[in-house]
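Descriptive structure summary
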Amino acid sequence: MTGARSTRVEAAVRHAELPMLRAYRLWFEHTRKCAGCKDVRKAQDGCASGRDLWDAYRHAYAGGTR
């Protein structure tokens with residue numbers, strides 16, 4: 001019975017995503033799909049949405065929340 005409980009706890013932990021990692025994942029997924037962000041070397045050179053997502057990541061990385 002302990003194994004079933006452990007599996008549920010691990011599943012809940014896996015679904016809880018740190019704000020910084022979530023912001024990075026959203027930016028990364030955007031850059032994979034966006035033609036304006038795909039071929040740039042710096043996040044600041046991407047499209048407006050990409051820059052906003054990167055700013056959100058930097059803010060979360062610094063410890064803030066949005």
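For the structure, check the block above.
As a starting point, this report considers the structure included with it. In this text, all values refer to a predicted model and were calculated from it rather than measured experimentally. (Residues numbered from 1 in each chain as written. Predicted model: local features only at pLDDT ≥ 70, side-chain atom pairs only at ≥ 80, totals over all residues. Heavy atoms only, no water.)

**Description of the packing of aromatic side chains**
Scanning all chains against the criterion turns up six aromatic pairs. Taken together, Tyr24, Trp27, Phe28, Trp54, Tyr57 and Tyr61 form an aromatic cluster joined through their ring pairs. (Phe/Tyr/Trp six-rings, centres within 6.5 Å; stacked < 30°, edge-to-face > 60°.)

**Things to note about the pattern of salt bridges**
Under the defined criterion, the tally for this structure stands at two salt bridges. When the shortest N-O distance is used, the salt bridge between Glu17 and Arg25 registers 3.0 Å. For Glu17, a relative accessible area of 37% puts it in the partly exposed group. Given a relative accessible area of 30%, Arg25 falls into the partly exposed group. One salt bridge in this structure joins Arg25 and Glu29, with 3.3 Å as the shortest N-O distance. Separated by four residues within a single helix, Arg25 and Glu29 lie in helix H2 (residues 19–33), roughly one turn from each other. Glu29 sits in the partly exposed class, given a relative accessible area of 34%. One network of salt bridges, in which partners are shared, links Glu17, Arg25 and Glu29. (Salt bridge = Lys/Arg side-chain N within 4 Å of Asp/Glu carboxyl O. Buried < 20%, exposed > 50% of the residue type's maximum accessible area, 1.4 Å probe, protein only. Helix = DSSP H or I, 4+ residues; strand = E, 2+ residues; numbered from the N terminus.)

**Points about the side chain of His30**
Structurally, the position occupied by His30 is in helix H2. When sequence neighbours within four positions are dropped, the list of residues in contact with His30 reads Cys37, Cys47, Ser49, Gly50 and Leu53. (Contact = heavy atoms within 4.5 Å.)

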